[in-house]
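Here are the chains, one letter per residue:
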Amino acid sequence: MANFSFILGIIGNVISILMFAAPIKTFKRIIKKKSTEDFKGIPYITTLLSTSLWTFYGLLKPGGLLVVTVNGTGAILHIVYVTLFLIYAPKTLKIQSIKLVAIIDIAFLGAVIAITLLAVHGNTQLTLVGLLAAGLNIVMYASPLSATRTVIKMKRVEYMPFFLSFFQFLNGGVWAAYAVFVKDYYIGVPNGIGFLLGSAQLILYFIYYKSTPTKSTDQKEEKEGSAHLVRRGIQLNDLDGAHENDKNNRNLHKGKSLPKPSLARQYSEKLVKTLSISPSSLGSYNEDDIEKGLKDAH
């Protein structure tokens with residue numbers, strides 16, 4: 001039984017580390033976009049406190065090495081997550097998150113460690129830290145549920161990471177089984193609740209998974225929008241071209257309807273003008289002038 005519980009502890013360590021590493025994908029996106037978008041910081045802040053308390057619990061508990069290794073790793077990872085969240089969070093959210101970190105992860109944790117080591121002795125130390133760690137472990141498992149309102153409202157699971165919920169489901173189940181064998185209720189109760197909450201999150205995920213647009217869908221819509229703009233631009237260019245051609249046709253038609261008088265007609269008009277001189281003015285011209293005018297006309 002001892003060997004089986006140790007094997008479960010090893011499996012629990014592996015699954016827990018995978019669970020703690022699940023937000024890496026989320027923070028890659030945050031770093032790439034330089035924004036926390038609609039992601040919540042509470043799960044990472046509360047998990048940092050929980051893993052820190054469990055590490056302290058493992059140090060106090062005889063034979064608690066497996067508890068120390070897994071939660072110590074989780075605490076280190078969540079220090080990184082919280083730091084990145086504070087860097088890329090909007091100003092208002094950043095201020096709120098800094099206050100939470102100062103109150104929960106620094107002041108509260110420091111007070112618990114100080115009181116446990118200075119004011120409490122014997123088995124009471126383990127009981128105090130175990131109760132606090134168990135309560136916070138339940139909060140850690142329930143913290144991703146803060147995103148369920150967004151999921152239900154938007155009908156998309158983009159802001160509720162699947163792997164985080166999935167590994168919480170596995171982690172809760174394995175550590176609950178481990179607690180049964182080692183008879184540690186402080187570990188068993190919160191992880192049993194975590195198993196149930198993880199199941200609820202997975203059910204919610206699969207309900208709204210189909211309604212969440214994929215990247216290919218977004219890219220297709222973007223391409224279709226671009227193609228529509230291109231077609232619209234071509235249509236406008238064709239319309240402008242048609243107007244220009246119509247204008248040219250009208251100008252051409254106008255030019256053809258009013259042809260320039262021919263050279264012979266110009267000379268004829270000049271000749272008629274010359275011959276139509278009034279009698280009163282004819283006396284002022286001699287025959288040479290008339291003959292010269294006729295020659296010029298031809």
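Definitions and limits used
- Residues numbered from 1 in each chain as written.
- Predicted model: local features only at pLDDT ≥ 70, side-chain atom pairs only at ≥ 80, totals over all residues.
- Heavy atoms only, no water.
- UniProt positions renumbered as here; feature names shortened; annotations may be inferred.
- Helix = DSSP H or I, 4+ residues; strand = E, 2+ residues; numbered from the N terminus.
- Patch = residues over 30% accessible without salt bridge, like charges linked within 9 Å, V, L, I, M, F, W, Y side chains within 5 Å.
- Areas by Shrake-Rupley, 256 points an atom, 1.4 Å probe, with all protein chains shown as cover.
- Salt bridge = Lys/Arg side-chain N within 4 Å of Asp/Glu carboxyl O.
- Buried < 20%, exposed > 50% of the residue type's maximum accessible area, 1.4 Å probe, protein only.
- Arc of directions from axis to C-beta.
- Contact = heavy atoms within 4.5 Å.
- Core = buried A, V, L, I, M, F, W, Y, C linked by side-chain atoms within 4.5 Å.
- Phe/Tyr/Trp six-rings, centres within 6.5 Å; stacked < 30°, edge-to-face > 60°.

Going by what an unreviewed UniProt entry lists, the chain is known as Bidirectional sugar transporter SWEET and is assigned to Nicotiana tabacum. For the chain, the Function (unreviewed entry) comment in UniProt is given as "Mediates both low-affinity uptake and efflux of sugar across the membrane." Among the UniProt annotations of the chain, the heading Sequence similarities (unreviewed entry) holds the following wording: "Belongs to the SWEET sugar transporter family."

Trainee: Go over the UniProt feature "transmembrane region" (unreviewed entry) in the chain, please, and point to the residues and values.
Mentor: The UniProt feature table records "transmembrane region" (unreviewed entry) at residues 6-22, 42-60, 66-88, 100-120, 126-147, 159-181 and 187-208. With 100% helix and 0% strand, the stretch residues 42-60 has end C-alpha atoms that lie 27 Å from each other.

Trainee: Give a detailed account of a nonpolar patch on the surface, specifying residues and quantitative values.
Mentor: Where nonpolar side chains cluster on the molecular surface, the patch consists of Phe4, Val180, Phe181 and Val182 and spans about 340 Å² of accessible area. If one sorts the elements of the nonpolar patch by residue count, helix α8 (residues 162-182) sits on top with 3 residues. Counting through the fold element by element, Val180 comes out in helix α8.

Trainee: Mind laying out helix α2 (residues 24-33), listing which residues take part and the relevant values?
Mentor: All of the buried residues along α2 are Thr26, Phe27 and Ile30. Buried residues along α2 cover an arc of 90 degrees about the axis, so they all sit on one side. The outward face of α2, more than 90 degrees from its buried face, is lined by the exposed residues Lys25, Lys28 and Lys32. The inward-facing, buried residues of α2 contact α3 (42-60) and α4 (65-88). Of the residues flanking the end of α2, it is Lys34, one or two places downstream, whose phi is positive at about 55 degrees.

Trainee: Break down the nonpolar core for me, citing the residues and quoting the values.
Mentor: Ranked by size, the top nonpolar core spans 27 residues in total, and within it Met19, Leu53, Trp54 and Ile187 carry the most contacts. Contributions of two or more residues to this core are made by α1 (2-21), α3, α4, α5 (91-118), α6 (123-142), α8 and α9 (185-208). Per element, the largest residue contribution to this core is 6 residues, and it comes from α8. Discounting residues that sit within four places of it in the chain, Met19 has contacts with Met140, Leu164, Phe167, Gln168 and Asn171. Core analysis: the second largest hydrophobic core is formed by 14 residues, Val82, Phe85, Leu86 and Ala89 among them.

Trainee: Residue-level account of the packing of aromatic side chains, with values.
Mentor: Taken as a whole, this structure holds 10 aromatic pairs when the rule is applied. Residues Trp54 and Tyr57 carry aromatic rings whose centres are separated by 5.1 Å and whose planes lie at 85 degrees to one another, so their mutual orientation is edge-to-face. Linking Trp54 with Tyr57, this pair stays in helix α3, spanning 3 residues, or about one helical turn. Summarising the burial analysis for this pair, Trp54 and Tyr57 share the class buried. Ring plane angle 25 degrees and centroid distance 4.9 Å describe the contact between Phe169 and Phe195, whose orientation is recorded as stacked. One end of the pair, Phe169, is in helix α8; the other, Phe195, is in helix α9, and 26 residues separate them in sequence. The exposure class assigned to Phe169 is partly exposed, which follows from its relative accessible area of 21%. One aromatic cluster is present, formed by Phe27, Tyr44 and Tyr81 through successive ring pairs.

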